[in-house]
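Observations on the three-dimensional arrangement
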Amino acid sequence: MTERLTQICYDELPPEVRPLADDILKVSSAALGGPYNALLRSPDMARRAFDFLDYLRFKTSVNKRLNEFAILIQARISNA
C-alpha cells in the first residue's frame, strides 16, 4: 500500500512549527509519524489536538494506572 501523505521530516518544518514538533517528540513513541504526520500539515489543528490529548493522558484527575488501563482496553478493542 502506498502512503497517502509523505512522511514529514523535522528539518522540513517551518521554524514556527518546530516548537510544536519538539513538544510532540517529548511524549510520542511514534515521533512525528502516525496521526502527527497528518496533523502537522495544519499547525493550528495540530496544536489544539496535541494539547487535548496531552490533557487526557497526563493532566486528567483519573489515577494514572486506571488511565493506562483504559488505553490498553481501547487498544485491544481496536486490535491495535
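Everything numeric here is computed off the predicted structure, so don't read it as measured data.

What follows concerns the environment of Arg47. Here Arg47 shows up in helix H3 (residues 43-58). Arg47 gets classed as partly exposed once you look at its relative accessible area, which sits at 26%. The spacing of Arg47 and Ala21 is 26 residues in sequence and 9.3 Å in space, taken between C-alpha atoms.

Right, let's get into the confidence of the model for the protein chain. Put simply, the protein chain has an average pLDDT of 88, and 96% of its residues get 70 or more. Here helix H2 (residues 35-39) stands out as the element of the protein chain with the lowest mean pLDDT, 89, in contrast to helix H1 (residues 18-27), whose mean of 92 is the highest.

Before going further, it helps to examine the nonpolar core. Of all hydrophobic cores here, the largest spans 13 residues; its most connected members are Leu13, Leu20, Ile24, Leu32 and Leu40. Listing elements by their share of this core, those giving two or more residues are H1, H2 and H3. Non-local contacts of Leu40, meaning those with residues more than four positions away in its chain, are made with Ile8, Val17, Leu20, Ile24, Leu32 and Ala46.

What counts, and at which threshold
- Residues numbered from 1 in each chain as written.
- Predicted model: local features only at pLDDT ≥ 70, side-chain atom pairs only at ≥ 80, totals over all residues.
- Heavy atoms only, no water.
- Helix = DSSP H or I, 4+ residues; strand = E, 2+ residues; numbered from the N terminus.
- Buried < 20%, exposed > 50% of the residue type's maximum accessible area, 1.4 Å probe, protein only.
- pLDDT = per-residue confidence, 0-100.
- Core = buried A, V, L, I, M, F, W, Y, C linked by side-chain atoms within 4.5 Å.
- Contact = heavy atoms within 4.5 Å.

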